[in-house]
Structure formats: C-alpha cells, structure tokens
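Now for the letters of each chain:
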Amino acid sequence: RNVYNNSKSAGVVAYIFPDSIRYLRPLGLVANYSSNFEQISRSTLPLYNGRTPPLTYAKTKDVGLRYSVPNGVAYGTVLYYQTDNKDILSAFGSTGDFRNIFTNLGYTDTNLIGPSAFTTWQDTASRKLSGWEVELTANPTRSLTFTMNYAHPIVETVSDSEGRRAFYADHLDEFKAG
C-alpha cells in the first residue's frame, strides 16, 4: 500500500543574553517539534478484526538549554522531551501460547496449531514517553566529532496488544470449556 503524508518539524536554538553578560552569553534556549509517520512493509497484513492497519504516528516536543563554546568547538545540551507514539505495528503476540492451547484442546487445524498459525495478523500499541536527556558534543577538528548522550525516559503504555486481547476474549469460553 502506498500512502503519502507530510511530516512536520521545526527547531530553534536562541542565544538571548547580551554580550555584556559574558558567562551567560553562550547559554541558549532550545526548542524542537517533530511529527512523522511510518509505513512499514508489515502494514499489508490486516489486524485481527480484519481492518487495514493504521500508519504508525509519532509527535515529539522538547525544550531545554544549551551552553556552547565559541566557534562550535563544544557544547552541552539539557532537554526535557515528550513523545506520543500511536499505532506502533508489531507481530501478533503470544502465538506459541495460542498454538499450545489449541493443541492441548485437541485441535488439528493447521491455521490454529501449525508453525505459521497467527502470522497473518499484526497488532498495535501506543505509548507516551517523557524524560530528560543530556548531550555533550566536542568538535576538536572539522572532520572529528565526539558525542556523549544520557537519557532518562519514562514510558507509559497507553494501549498494547489490542488484537491479541480481542482474540483471547473471543475464545475465552472455548478455552475454559477445554
């Protein structure tokens, strides 16, 4: 499937302190915004409910401070970021567990117990991420850059494995009766 969509992004580093404040002059404010989507090859497989999978979408906003040595020789950045990831596509999970359940219930249908059982569906998840990031960059020469980065993310699961949960709910009475 071919889908075309626009991605938006913008960023700025603003050095707002006057030259008269010598030690604060290299301190800048950093702000970034980015949104994008991803169409992956697996998107041709349907979801468990038969629908065409949505595009994976992400939106990130970050703000922070940057302290820069003159001429870009080195700089350090501290950022706080927030990211929303929606409809992250993945393989249909717990396939081995479902195959084992159907095998133990005595099923012989290869669509339920065969090695390729449950591989024709995919699933979605959505997450919110936020956290702090620190980056130090040094450019000792024009052709050499060193970068160190540390991030402390906090991940909140908004939704996960909706198709797998629906499949389980649809077959729960059957599993209990087995």
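Residues numbered from 1 in each chain as written. Predicted model: local features only at pLDDT ≥ 70, side-chain atom pairs only at ≥ 80, totals over all residues. Heavy atoms only, no water.

(A) How the structure looks around the layout of surface pockets. Put simply, the largest pocket is a space of about 190 Å³. Put simply, the parts of the chain that give the lining of the largest pocket at least two residues each are β5 (122–141) and α3 (162–177). Each residue belonging to the lining of the largest pocket can be placed in one class, and the counts come to four nonpolar, five polar and four charged. (1 Å grid on protein atoms, 1.4 Å probe; cavity = no way out; pocket = protein on both sides within 12 Å on 5 of 7 lines; lining within 4 Å. Points joined across faces, edges and corners; volume = space filled by probe spheres on them. Helix = DSSP H or I, 4+ residues; strand = E, 2+ residues; numbered from the N terminus. Nonpolar A, V, L, I, M, F, W, Y, C, P; charged D, E, K, R; others polar.)

(B) Region of the structure containing unusual backbone geometry. Within the chain, Asn71 stands out as a residue other than glycine whose phi angle is a positive 65°. In this fold, Asn71 is placed in the loop between β3 (56–68) and β4 (74–91). Even without being a glycine, Phe118 presents a positive backbone phi close to 70°.

(C) View of the packing of aromatic side chains. As enumerated under the stated definition, the model contains 19 aromatic pairs in all. Ring plane angle 70° and centroid distance 6.2 Å describe the contact between Phe102 and Phe167, whose orientation is recorded as edge-to-face. Taken together, the residues Phe102 in helix α1 (residues 95–104) and Phe167 in helix α3 connect sequence positions 65 residues apart. The same class applies to Phe102 as to Phe167, namely buried. Grouping aromatic residues by their ring pairs yields a cluster made of Tyr48, Phe92, Phe98, Phe102, Tyr107, Phe118, Trp121, Phe167, Tyr168 and Phe175. (Phe/Tyr/Trp six-rings, centres within 6.5 Å; stacked < 30°, edge-to-face > 60°. Buried < 20%, exposed > 50% of the residue type's maximum accessible area, 1.4 Å probe, protein only.)

(D) Quick peek at the sheet that holds β3. Taken in spatial order, the six strands of this open sheet run β1-β2-β3-β4-β5-β6, and their pairing is antiparallel. Each end of this open sheet is capped by a strand with a single partner; those strands are β1 (8–15) and β6 (144–160). The sheet shows a mean angle of 15° between the axes of neighbouring strands, direction not considered. Two elements, β4 and β5, share 16 bridges in a ladder whose sense is antiparallel. (Pairing = 2+ DSSP bridges. Axes fitted to C-alpha atoms, helices over the stretch in contact; angles between N-to-C directions.)

(E) Layout of the pattern of salt bridges. Overall, the coordinates contain one salt bridge when judged by the stated rule. A salt bridge links Arg25 to Asp19; its shortest N-O distance comes to 2.7 Å. On the basis of relative accessibility, which here comes to 32%, the residue Arg25 falls in the partly exposed class. (Salt bridge = Lys/Arg side-chain N within 4 Å of Asp/Glu carboxyl O.)

(F) Structural detail: the nonpolar core. One finds Tyr48, Phe92, Phe98, Phe102, Leu112, Ala117, Phe118, Phe167 and Phe175 forming the largest nonpolar core, which totals nine residues. Elements represented by at least two residues in this core include exactly α1 and α3. Non-local contacts of Phe175, meaning those with residues more than four positions away in its chain, are made with Phe98, Ile101, Phe102, Leu105 and Tyr168. (Core = buried A, V, L, I, M, F, W, Y, C linked by side-chain atoms within 4.5 Å. Contact = heavy atoms within 4.5 Å.)

(G) How the structure looks around the confidence of the model for the chain. Averaged over every residue, the pLDDT of the chain is 90; the share at 70 or more is 95%. Within the chain, the element-level pLDDT minimum falls on helix α2 (residues 110–113), averaging 90, and the maximum on β6, averaging 96. (pLDDT = per-residue confidence, 0-100.)

(H) A look at α3. Here α3 contains 16 residues, and its C-alpha end-to-end distance of 24 Å stays within 8% of the 22 Å for a straight helix at 1.5 Å per residue. Restricting attention to buried positions, one finds in α3 the residues Gly163, Phe167, His171 and Phe175. Elements that come into contact with the buried residues of α3 comprise α1 and β5. (Expected span 1.5 Å × (residues − 1).)

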